[in-house]
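Structure at a glance
Given next are the chains, with one letter for each unit.
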Amino acid sequence: MTTYRSINPANGNVNKEYHLLTDEELFSKLNSSKDAYKHWRSVSIKERIPYFNRMSDLLKLKSAEYGTILTSEMGKLIKEAIAEVEKCASCTDYFIANGAQFLSHKTIKTEYSESYVQFDPIGIIYIVMPWNFPFWQVLRCAVPIIMAGNTVVLKHAESVPQSAEALENLFKQAGFPDNIFLNLFIDYDQSQKVIEFDGVEGVSLTGSEKAGSIIASGAGKNIKRTVLELGGSDPFILLPDAPIETVVGEALKGRI
């Protein structure tokens, strides 16, 4: 792979192509993310919230624009694409409302004079995300990670590079400090270099079992935290009294 290509599945036309980063460009971005973390971790949760307020406003305001990008490069219905962007805004609003509580110290009763759980940021989190929900899969992961004081670098699916670019621009347009969220157009060999980078402290992947095995192997070798959401296909159990007309439509949606 030498490029990321956005292809419209409706007609096969190439929307846009993006060249891979060189290793020099990659490490420059990783170092920029590391430097951004050094500042961002010391910003209070109260000071972080306004950035997310602006992000939520942009997602609502530009839901049709973003939805068009999703539809043009991965093919879901425009109605569903817009709904996905709106769901991202709801997710952001949820963490705006609850983030401070989630991150607050939790006092624990023990025999000692004072015991508590404290939540601290840890560094750069590397997220590897799939094509099927190009905005949702990224933001439901990135929003709480960044709100907690970490920075994020993204390797998106090769088929949705316009979505990846739009997400990076979303953070910029919302006014976040530079390099808090960075998109990386890289290949699999470079992905391992990201995991090995000393500023990266965790990896989150949604993808196939094969991809999960590769990521987990690299993360384990380098003692990095991982969260893996891998493939699966659960049985759909239909009971005799089920309303068939309703069930067929819901089964189809669930399978897709």
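Our subject is the structure that appears above.
These remarks concern the structure in this document. (Residues numbered from 1 in each chain as written. Predicted model: local features only at pLDDT ≥ 70, side-chain atom pairs only at ≥ 80, totals over all residues. Heavy atoms only, no water.)

Quick notes on the nonpolar core
Formed by 46 residues in total, the largest nonpolar core has its most connected members in Leu-59, Ile-127, Phe-135, Leu-139, Ile-146, Phe-176 and Phe-181. Sorting the residues of this core by element identifies helix 1 (23-40), helix 2 (45-61), helix 3 (63-74), helix 4 (78-103), strand 5 (124-128), helix 5 (136-147), strand 6 (151-155) and helix 6 (161-173) as the ones contributing at least two each. Per element, the largest residue contribution to this core is 8 residues, and it comes from helix 5. Apart from the residues lying within four places of it in its own chain, the contact partners of Phe-135 are Leu-59, Tyr-66, Leu-70, Glu-84, Val-85, Cys-88, Ser-163, Ala-166 and Leu-167. (Core = buried A, V, L, I, M, F, W, Y, C linked by side-chain atoms within 4.5 Å. Buried < 20%, exposed > 50% of the residue type's maximum accessible area, 1.4 Å probe, protein only. Helix = DSSP H or I, 4+ residues; strand = E, 2+ residues; numbered from the N terminus. Contact = heavy atoms within 4.5 Å.)

Looking at the sheet that holds strand 6
Spatially, the 5 strands line up as an open sheet ordered 7-6-5-8-9, and their pairing is parallel. In this open sheet, the two strands that pair with only one neighbour each are strand 7 (181-183) and strand 9 (225-229). With strand direction ignored, the average angle separating the axes of adjacent strands in the sheet is 15°. Where strand 6 and strand 7 come together, 3 bridges link them in parallel fashion. Paired with Val-153 across the bridge in strand 7 is Leu-182. (Pairing = 2+ DSSP bridges. Axes fitted to C-alpha atoms, helices over the stretch in contact; angles between N-to-C directions.)

Observations concerning the pattern of salt bridges
Applying the stated criterion across every chain yields a total of 12 salt bridges. Of the charged contacts in the structure, one is a salt bridge between Glu-165 and Lys-16, with a shortest N-O distance of 3.4 Å. A residue pair is termed long-range when its members are at least 10 positions apart, and Glu-165 in helix 6 and Lys-16 in strand 2 (residues 14-19) qualify at 149 residues. Residue class for Glu-165 comes out partly exposed when judged on its relative accessible area of 28%. (Salt bridge = Lys/Arg side-chain N within 4 Å of Asp/Glu carboxyl O.)

Some remarks on the side chain of Ser-63
Take Ser-63: it is sitting in helix 3. In this structure Ser-63 touches Ile-82, Val-85 and Glu-86, once residues within four positions along its chain are discounted.

Focus on the side chain of Gln-162
Summarising the element assignment, Gln-162 is placed in helix 6. Looking at Gln-162, the relative accessible area reads 18%, which means it is buried. Polar contacts involving the side chain of Gln-162 include one to the side chain of Ser-6, which spans 3.1 Å. Not counting residues within four places of it along the chain, the set of residues in contact with Gln-162 comprises Ser-6, Asn-15, Lys-16, Tyr-18, Ile-69, Ser-72 and Glu-73. (Polar contact = N/O pair within 3.5 Å; in protein donor to acceptor, adjacent residues only side chain to side chain.)

Remember that the coordinates give geometry; whether it matters functionally is a separate question.
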